[in-house]
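Structural overview for review
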Amino acid sequence: MSLKINHSLTRLVREKRPVIHCITNYVTAGDVANTILACGGSPIMADHPEEVSEITAISDCLLLNIGTPGGTTKAAMEKAGREANRRSLPVIFDPVGIGASRYRTETALSLLSEVKITVIRGNASELRILLKELTGNNAGSGNGSVSPTRGVDASFSDEIREDTLESLTETTRALSAATGAVTVMTGAIDIASTGEETWLIRNGCPQMSRITGSGCMLDGIIAAYIASTGLTPSQHAIFEAAALATAAAGLCGERAAKKAEQTLSGTGSFRCCFLDEVSLLDEGTLKGGINIEVS
């Protein structure tokens, strides 16, 4: 099936310079901010409960990431989330490491009960655990069990491969149906779904899993793309923007890997090359390089 995709979003982000309010983890906050800047957005990193509502009020999108939950994280995220909902702003949620501890899991579940989420982005283990916690449903679990995460990484049994693709696609669809959010499951193959529409994204490279924060940086690109779709985008427009952002990040990873390999460089150089590629990405390169198919 031929897809009609709005490749102009990469240009629209730079024209609109959307303000992205990030409440994210301290490990990758700088990387997320620089990635948002590189793709054309304007990040603001504010996580104190006393100011988050005001910061969200002057933003175009809210990004929530529970990678390093602190004493005020839950309160700050819920306050910011309620303000975003009040203003009909998109909310991107990354349940980093859910299942690694009960505290993380309870933080994620509380947030989902208090805030209407627009997009959920995570790896296969995170999203399967989230679905199980929300519904008791083991969709896509194969043997009926849900594997724990390896810290903030997916378990080996949850890696997205051709032989696991069907079951993990089922998980992605089920989570979207349960939450009403667009769901993006990332791995060697990425899966984006609304519960009714599902696309597979076959961009990316192994090096992206060898640097910390590649998923967090993708969250920032997704936020910038969705914030540039308009004031009241349809569910399909949000889905398309999230899928396109995921493909764009994967394409930038591919191009960065080639540059790093040409100079016999390692993961540190790859990380810098990735940021360069995000900043240089244009509509023509995006249109010619993304690999998206309907599932």
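Scroll up for the structure.
Source: prediction; values computed, not measured.

A word on the pattern of salt bridges. In this structure the tally under the stated criterion is 16 salt bridges. A salt bridge links arginine 82 to glutamate 114; the shortest N-O distance between them is 3.3 Å. With arginine 82 in helix H4 (residues 73-86) and glutamate 114 in helix H5 (residues 102-114), this residue pair connects regions lying 32 residues apart in the sequence. For glutamate 114, a relative accessible area of 38% corresponds to the partly exposed category.

So, about unusual backbone geometry. The phi dihedral of serine 88 falls on the positive side, at around 60 degrees, and the residue is not glycine. Along the polypeptide, serine 88 turns up in the loop between H4 and strand S4 (91-94). Backbone geometry places leucine 264, a non-glycine residue, at a positive phi of 55 degrees. Tracing the backbone shows leucine 264 in the loop between helix H9 (235-262) and helix H10 (267-280). Assessed through its relative accessible area of 81%, leucine 264 is described here as exposed.

Let us look at the sheet that holds strand S2 (residues 42-45). In a beta sheet, neighbouring strands pair by backbone hydrogen bonds and run either parallel or antiparallel. Overall, mixed pairing links the nine strands, which are arranged S2-S1-S3-S4-S5-S6-S7-S8-S9 in an open sheet. Two strands in the sheet have a free side with no partner beyond their single neighbour: S2 and strand S9 (292-294). Neighbour-to-neighbour, the strand axes of this sheet turn through a mean angle of 20 degrees, independent of strand direction. In terms of strand pairing, strand S1 (residues 19-23) meets strand S3 (residues 61-65) through four bridges, oriented parallel. Bridge pairing in S3 places isoleucine 23 opposite leucine 64.

Another aspect to go through is the environment of valine 278. Following the sequence through the fold, valine 278 ends up in helix H10. Here valine 278 falls in the buried class, since its relative accessible area comes to 4%. Residues valine 278 and leucine 264, 14 residues apart in the sequence, show an inter-C-alpha distance of 21 Å. The residues contacting valine 278, other than those within four sequence positions of it, are Arg14, Thr35, Ala38, Cys39, Ile221 and Cys252.

Glancing now at the packing of aromatic side chains. Centre distance and the angle of the planes are the two values used to describe a pair of aromatic rings. Summed over the entire model, instances satisfying the criterion amount to one aromatic pair. Ring geometry for tryptophan 199 and phenylalanine 239: centres 4.7 Å apart, planes at 55 degrees, overall tilted. With tryptophan 199 in strand S8 (residues 198-201) and phenylalanine 239 in helix H9, this residue pair connects regions lying 40 residues apart in the sequence. The buried category is assigned to tryptophan 199, whose relative accessible area is 4%. With relative accessibility at 0%, the residue phenylalanine 239 sits in the buried group.

Packing of helix H2 (residues 29-39) against helix H8 (residues 214-227) brings their axes to within 8 Å, and their N-to-C directions diverge by 40 degrees. Compared by their axis directions, H2 and H8 come out oblique. As for how H2 packs across H8, the hand of that crossing is right-handed. Here H2 contributes Asp31, Val32, Thr35, Ile36 and Cys39 to the contact with H8, which in turn contributes Cys216, Met217, Gly220, Ile221 and Ala224.

Definitions and cut-offs
- Residues numbered from 1 in each chain as written.
- Predicted model: local features only at pLDDT ≥ 70, side-chain atom pairs only at ≥ 80, totals over all residues.
- Heavy atoms only, no water.
- Salt bridge = Lys/Arg side-chain N within 4 Å of Asp/Glu carboxyl O.
- Helix = DSSP H or I, 4+ residues; strand = E, 2+ residues; numbered from the N terminus.
- Buried < 20%, exposed > 50% of the residue type's maximum accessible area, 1.4 Å probe, protein only.
- Pairing = 2+ DSSP bridges.
- Axes fitted to C-alpha atoms, helices over the stretch in contact; angles between N-to-C directions.
- Contact = heavy atoms within 4.5 Å.
- Phe/Tyr/Trp six-rings, centres within 6.5 Å; stacked < 30°, edge-to-face > 60°.
- Parallel < 35°, antiparallel > 145°, perpendicular 65-115°, else oblique.
- Left-handed = near helix turned anticlockwise from the far one by under 90°.

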